[in-house]
Amino acid sequence: MTIAQEIKQEDLVAAKAYVDEVYELVKKRNPGESEFHQAVKEIFDSLIPVFAKHPKYKENAILERISEPERIITFRVPWMDDEGKVQVNRGFRVQFNSAIGPYKGGLRFHPSVNASIIKFLGFEQIFKNSLTGQWIGGGKGGSDFDPKGKSDAEVMRFTQSFMTELNKYIGPDEDVPAGDIGVGGREIGFMFGQYKRIRGGYPAGVLTGKGVGYGGSLARTEATGYGCVYFVNEMLQDQGMSFKDSTVVVSGSGNVSIYAIKKAQELGAKVVACSDSNGYIYDKNGIDLKTVVQLKEVERKRIKEYLKAHPHAEYFEGCEGIWTIPCDIALPCATQNEINEESAKILVANGVKAIGEGANMPSTLEAIEVFLNNKVLFGPAKAANAGGVATSALEMVQNSMRLSWTFEEVDAKLHEIMKNIYRNSVRAANEYGYPGNLVVGSNIAGFIRVADAMLAQGVI
Ligand code: NDP
Ligand code: 2IT
């Protein structure tokens, strides 16, 4: 008998009422934070059968506790631009949950950053990090600083000011930030330098995503994109499909997108489109990744310029249109809520077979419904993009051991972790009565590990 068969209908009804009640509490306590509400709603709804089966979680107020961050830090970040003008940004770090390890999660620098966005990301990170099977808690941070158009000197002055405050709250055993949107190798390098200068010694494990020349892990740069493709590949193989000869659309053209494109191409797919926040390119011959890397990682230019090197390609303004391109596999790798219900319906009408969420929460709740109702294979963000943070945890391990693994060793570990996340999510979905629903499966598998650790550690 599966767990689902053991659950009584009246317990499900009671669990739903309880979960709804706590969700209302979260909304009341965090007014106006729509992204945070959305992330909480998705998790809470998935957990109804867990609460119906295990009264211990309700009795110990796990839901009320897990949705309230252990600590939120906000701070002023003053810095001087190249014209000598003083600028002020806001810095954030949400230390959400440390039941299974030090807080771990990226830093996002983007003008849209606010408390709601950092809280949604931090909340998701708890369950994602748990799914990796490693010893990392959930956290997230960032700033409303916009790196676009800033000189290297401005980025350095900003990140040094940011770290001058943030350093008080982080450390290799306390809280270990990494990159996210707008934070890559350059920013991590400046932040590590400033942390080391303030705190002394060589605390390599305080940040991940470091350069491989000073304590970084091989394959961390590739890990999120590669991991996402490994995860989707598991979903496809289970149904007798593969990337080979498939048509793929990838949104974004940043860190996650670039390495998702690379691995998909290696597996024999034709990637026909990618984008940035201004628009998207369509190349019917398949994207030339070298040009994208040169434009986005080296020259920091707009994706539109791809056409200079490839005049046969097409450019379209705006982001949503990318989902109207017919494809077998769609990998949203840019940002939250980039696929709405309408885009999801168009993808389905055009015959999409699988979605792999490289970005965090790229599909709205309504879009997810459309995919699940139409039997599209759906790899949710917490599972599909966990390869980045998993490899960050491997970087922490290497820093603690003062050694470095080869690219192949790290990549093999990443691959195994993604397969495990897939298997554990499938198993949880089956056990709790939602076969094939990896949203429910990954949320449940991620939740139980953290909830049991919280139970063991008492009311804290
Ligand atoms: P990057 O900054 O490297 O790239 C972000 C890409 O998304 C850029 O192409 C950017 O375009 C585009 N983008 C950003 N904001 C928007 C927006 N509001 N609308 C449309 N496009 C946008 O970030 P990453 O590749 O690191 O992150 C991408 C996603 O993956 C995020 O959701 C992040 O949280 C998630 N993620 C990242 C991980 C990592 O290891 N880096 C791990 C797990 C998840 P433009 O150049 O115009 O800004
Ligand atoms: O969303 C994420 O998982 C990340 N941005 C990576 C976090 C990390 O600590 O590597």
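Residues numbered from 1 in each chain as written. Chains lettered and ligands numbered in written order. Predicted model: local features only at pLDDT ≥ 70, side-chain atom pairs only at ≥ 80, totals over all residues. Heavy atoms only, no water.

Caption draft 1: View of the packing of helix H17 (residues 387–401) against helix H18 (residues 407–431). At a closest axis distance of 10 Å, the pairing of H17 and H18 adopts a crossing angle of 135°. On the basis of the axis angle, H17 is oblique to H18. Pair H17 / H18 crosses with right-handed handedness. On H18, the residues touching Gly-387, Ala-390, Thr-391, Leu-394 and Gln-398 of H17 are Val-410, Lys-413, Leu-414, Ile-417 and Met-418. Grouping the amino acids of the contact of H17 with H18 by side-chain chemistry returns six nonpolar, three polar and one charged. (Axes fitted to C-alpha atoms, helices over the stretch in contact; angles between N-to-C directions. Helix = DSSP H or I, 4+ residues; strand = E, 2+ residues; numbered from the N terminus. Parallel < 35°, antiparallel > 145°, perpendicular 65-115°, else oblique. Left-handed = near helix turned anticlockwise from the far one by under 90°. Contact = heavy atoms within 4.5 Å. Nonpolar A, V, L, I, M, F, W, Y, C, P; charged D, E, K, R; others polar.)

Caption draft 2: Representation of unusual backbone geometry. Although it is not a glycine, Lys-375 adopts a positive phi angle of roughly 60°. With respect to the helices and strands, the residue Lys-375 is situated in the loop between helix H15 (365–373) and strand S12 (377–379). One non-glycine residue, Arg-402, adopts positive backbone phi at about 55°. Within the secondary structure, Arg-402 sits in the loop between H17 and H18. Overall, Arg-402 belongs to the exposed group, its relative accessible area being 79%. (Buried < 20%, exposed > 50% of the residue type's maximum accessible area, 1.4 Å probe, protein only.)

Caption draft 3: View of helix H12 (residues 289–298). Three or more residues of H12 are buried, namely Leu-289, Thr-291, Val-292, Leu-295 and Lys-296. Viewed along the axis of H12, the buried residues span an arc of 155°, placing them on a single side of the element. Seen from the buried face of H12, the exposed residues on the opposite side, beyond 90 degrees, are Lys-290 and Val-298. The inward-facing, buried residues of H12 abut helix H11 (255–266), strand S7 (270–275) and helix H13 (306–309). Just downstream of H12 lies Arg-300, where phi reads positive at about 50°. (Arc of directions from axis to C-beta.)

Caption draft 4: Broad picture of the site of ligand 2. Surrounding ligand 2, one finds 14 residues, the nearest of these being Lys-104, Gln-125, Lys-128, Asp-180 and Ser-392. Within the contact set of ligand 2, an oxygen atom lies 2.6 Å away from a side-chain nitrogen or oxygen of Lys-104. The side chain of Ser-392 places a nitrogen or oxygen atom 2.5 Å from an oxygen atom of ligand 2. Relative to its unbound accessible surface of 300 Å², ligand 2 loses 94% to contact with the protein. Every element with two or more residues in the shell around ligand 2 is listed here: strand S3 (103–109), helix H7 (115–131) and H17. When grouped by side-chain class, the residues that make up the shell around ligand 2 number two nonpolar, seven polar and five charged. (Near = heavy atom within 4 Å. Polar contact = N/O pair within 3.5 Å; in protein donor to acceptor, adjacent residues only side chain to side chain. Areas by Shrake-Rupley, 256 points an atom, 1.4 Å probe, with all protein chains shown as cover.)

Caption draft 5: Spatial organisation of the site of ligand 1. Around ligand 1, the surrounding shell holds 27 residues, and the nearest of these are Asp-180, Thr-224, Ser-277, Arg-302 and Asn-360. Here Asn-255 contributes a backbone N or O atom positioned 2.9 Å from an oxygen atom of ligand 1. Protein coverage of the free-state accessible area of ligand 1, which is 890 Å², stands at 85%. Every element with two or more residues in the shell around ligand 1 is listed here: helix H10 (220–238) and H11. Looking at the shell around ligand 1 residue by residue, the classes come out as six nonpolar, 13 polar and eight charged.

Caption draft 6: Molecular detail of the pairing of strand S8 (residues 279–282). Two strands pair when backbone bridges link them, and S7 and S8 are joined in this way by three bridges, in the antiparallel orientation. Looking at S8, one finds that Ser-275 is bridged to Tyr-280. Bridging between S8 and strand S9 (residues 314–317) involves four bridges; their strand directions are antiparallel. In the sheet register, Tyr-280 faces S9, and the bridge partner there is Phe-316. (Pairing = 2+ DSSP bridges.)

Caption draft 7: Representation of the state of the cysteines in the model. All chains considered together, the criterion is met by zero disulfides. Among the cysteines around Cys-274, which has no disulfide bond, Cys-333 carries the closest sulfur, lying 10 Å off. (Disulfide = S-S within 2.5 Å.)

Caption draft 8: Focus on the packing of aromatic side chains. All chains considered together, the criterion is met by 23 aromatic pairs. Taken together, a centroid distance of 5.4 Å and an interplanar angle of 70° make the contact between Phe-192 and Tyr-202 edge-to-face. Taken together, the positions of Phe-192 in helix H9 (residues 185–199) and Tyr-202 in the loop between H9 and H10 put the pair 10 residues apart, joining distant regions of the chain. Take Phe-192: its relative accessible area is 3%, and that puts it in the buried class. Residue class for Tyr-202 comes out partly exposed when judged on its relative accessible area of 48%. Pairwise contacts between aromatic rings join Phe-75, Trp-79, Phe-109, Phe-145, Phe-158 and Phe-162 into one cluster. The side chain of Lys-263 reaches across the aromatic face of Tyr-226, ending 4.4 Å from its centre. Stacked on the ring of Trp-405, the Lys or Arg Lys-413 has its end atom at 4.5 Å from the ring centre. (Phe/Tyr/Trp six-rings, centres within 6.5 Å; stacked < 30°, edge-to-face > 60°. Lys NZ or Arg CZ within 6 Å of the ring centre and 35° of its normal.)

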